Amino acid sequence: FNEHINHKAANEYTEQVFDMTLKYGLRHPDISAEQFFEVNNMAWNVYWPLEGPYKTTPAINAMPLSENSLADDAKMSKLGFLNDEMRLNIAYTLDSAVVQTLFYRPALYMYLSVAIVAAMAFRAKSRRYWLLLVPMLSNLPTILIFGLTQDMRYLYINVLTFFLVVLVALAYTYSRRKKTN
């Protein structure tokens, strides 16, 4: 629920907004495609957008949690100092471009997973390694269609798949070295 949205008006004009969007989208498909890819940039772009309407604004600021009026539960916590420290650390990660890319850009893990699997499949001359990417790659079209990628939880499978791929790559490397010795 967002108290700033007039829900009655939003429901009343939904059909008109849809019709207008479709009309202009068909008239200018290049602009529609550009906007579509910008909305979904977390799925394919490794870098955090620095400008434009789709730059991501961090929801967490450096204000200590104990001073946040919305965090009454945290104020009563016996470990409130840990909440403050954690919040400051999260704010630090959002200030560093390198750390942002590592922690908040799942496309990086997708590309690394594909590269590692391609190397293993080529080296082993086996297509079975591509099966490791099925969960991640089957999730991607669904995410792109619905434009949910600005919320990383929908692309967390990229990170999980990456760790699985790394484990399989390490096992593959170990077995190859064992065979040659």
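Residues numbered from 1 in each chain as written. Predicted model: local features only at pLDDT ≥ 70, side-chain atom pairs only at ≥ 80, totals over all residues. Heavy atoms only, no water.

> Is there a simple way to explain the overall build of the chain in this structure?
When you go through the chain residue by residue, the secondary structure sums to 10 helices and zero strands. Taken from N to C terminus, the helices and strands of the chain fall in the order α-α-α-α-α-α-α-α-α-α. The 181 residues of the chain split such that 29% are buried. When the accessible area of the chain is evaluated, it comes to approximately 13200 Å², of which 65% is carbon and sulfur surface. (Helix = DSSP H or I, 4+ residues; strand = E, 2+ residues; numbered from the N terminus. Buried < 20%, exposed > 50% of the residue type's maximum accessible area, 1.4 Å probe, protein only. Areas by Shrake-Rupley, 256 points an atom, 1.4 Å probe, with all protein chains shown as cover.)

> How should I be thinking about the nonpolar core in this particular structure?
Inside soluble globular proteins, nonpolar side chains tend to come together where they are buried. Val117, Met120, Tyr129, Leu132 and Leu155 are the most contacted members of the largest nonpolar core, which totals 20 residues. Counting only elements with at least two residues in this core, the list comes to helix H4 (41-44), helix H8 (106-124), helix H9 (134-146) and helix H10 (156-180). (Core = buried A, V, L, I, M, F, W, Y, C linked by side-chain atoms within 4.5 Å.)

> What should I look at first to understand the side chain of Asn158 in this one?
The residue Asn158 is located in helix H10 in this model. Those residues in contact with Asn158 that lie beyond four places of it in its chain are Pro106, Ala107, Tyr109, Met110, Ser113 and Met136. (Contact = heavy atoms within 4.5 Å.)

> Looking at this structure, I do not really get a nonpolar patch on the surface. What am I missing?
Nonpolar side chains collect at one region of the surface, where Phe36, Phe37, Trp44 and Tyr111 lie side by side and expose about 390 Å² of accessible area between them. Here Phe37 shows up in helix H3 (residues 29-39). (Patch = residues over 30% accessible without salt bridge, like charges linked within 9 Å, V, L, I, M, F, W, Y side chains within 5 Å. Salt bridge = Lys/Arg side-chain N within 4 Å of Asp/Glu carboxyl O.)

> Would you mind going over the environment of Ala97 with me for this structure?
Here Ala97 is to be found in helix H7 (residues 97-104). For Ala97, a relative accessible area of 55% gives the class exposed. Separated by 49 residues in sequence, Ala97 and Trp48 place their C-alpha atoms 7.6 Å apart.

> Help me understand the packing of aromatic side chains in this model?
Between two aromatic rings, the relevant description is the distance of the centres plus the angle of the planes. Considering all chains together, one arrives at three aromatic pairs under this definition. Taking the centre distance of 5.6 Å and the plane angle of 75 degrees together, the rings of Tyr129 and Tyr172 count as edge-to-face. Taken as a pair, Tyr129 in the loop between H8 and H9 and Tyr172 in helix H10 lie far apart in primary sequence, 43 residues in all. When its relative accessible area of 11% is taken as the criterion, Tyr172 is described as buried. One aromatic cluster is present, formed by Tyr109, Phe162 and Phe163 through successive ring pairs. (Phe/Tyr/Trp six-rings, centres within 6.5 Å; stacked < 30°, edge-to-face > 60°.)

> Sorry, what's going on with H9 here?
Side chains three or four residues apart in an α-helix point the same way, a direct result of the helix having 3.6 residues per turn. With 13 residues, H9 extends 19 Å from end C-alpha to end C-alpha; this agrees with the ideal 18 Å at 1.5 Å per step. Buried within H9 are the following residues: Met136, Asn139, Leu140 and Ile143. Summarising the contacts, the buried residues of H9 are in contact with H4, H8 and H10. Within two residues after H9, Gly147 carries a phi angle of roughly 65 degrees, on the positive side. (Expected span 1.5 Å × (residues − 1).)

> Help me out: how do you make sense of the packing of H8 against H10 in this one?
Direction vectors running N to C along H8 and H10 enclose 25 degrees, while the axes themselves pass 9 Å from each other. Considering the angle they form, H8 stands roughly parallel to H10. For the pair H8 and H10, the sense of crossing is left-handed. Residues Pro106, Ala107, Tyr109, Met110, Leu112, Ser113, Ile116, Val117, Met120, Arg123 and Ala124 of H8 touch H10, and the partners they reach there are Asn158, Val159, Thr161, Phe162, Val165, Val166, Val168, Ala169, Tyr172 and Arg176. The residue inventory of the contact of H8 with H10, partitioned by class, reads 16 nonpolar, three polar and two charged. (Axes fitted to C-alpha atoms, helices over the stretch in contact; angles between N-to-C directions. Parallel < 35°, antiparallel > 145°, perpendicular 65-115°, else oblique. Left-handed = near helix turned anticlockwise from the far one by under 90°. Nonpolar A, V, L, I, M, F, W, Y, C, P; charged D, E, K, R; others polar.)

> How should the packing of H9 against H10 be read in this particular structure?
Pairs of packed helices are described in terms of their axes, by the angle between the two and the distance that separates them. Put simply, H9 and H10 touch, their axes get as near as 9 Å, and they point 165 degrees apart. By the criterion of interaxial angle, the relationship of H9 to H10 is roughly antiparallel. Handedness of the H9/H10 crossing: left-handed. Residues Pro135, Met136 and Asn139 of H9 touch H10, and the partners they reach there are Ile157, Asn158 and Thr161.

> What is the right way to look at the side chain of Ser113 in this model?
Mapped onto the elements of the fold, Ser113 is located in helix H8. For Ser113, a relative accessible area of 0% puts it in the buried group. A polar contact is formed between the side chain of Ser113 and the backbone oxygen of Tyr109, at a distance of 2.7 Å. Other than its neighbours up to four places away in sequence, Ser113 contacts Leu133, Met136, Asn158, Thr161, Phe162 and Val165. (Polar contact = N/O pair within 3.5 Å; in protein donor to acceptor, adjacent residues only side chain to side chain.)

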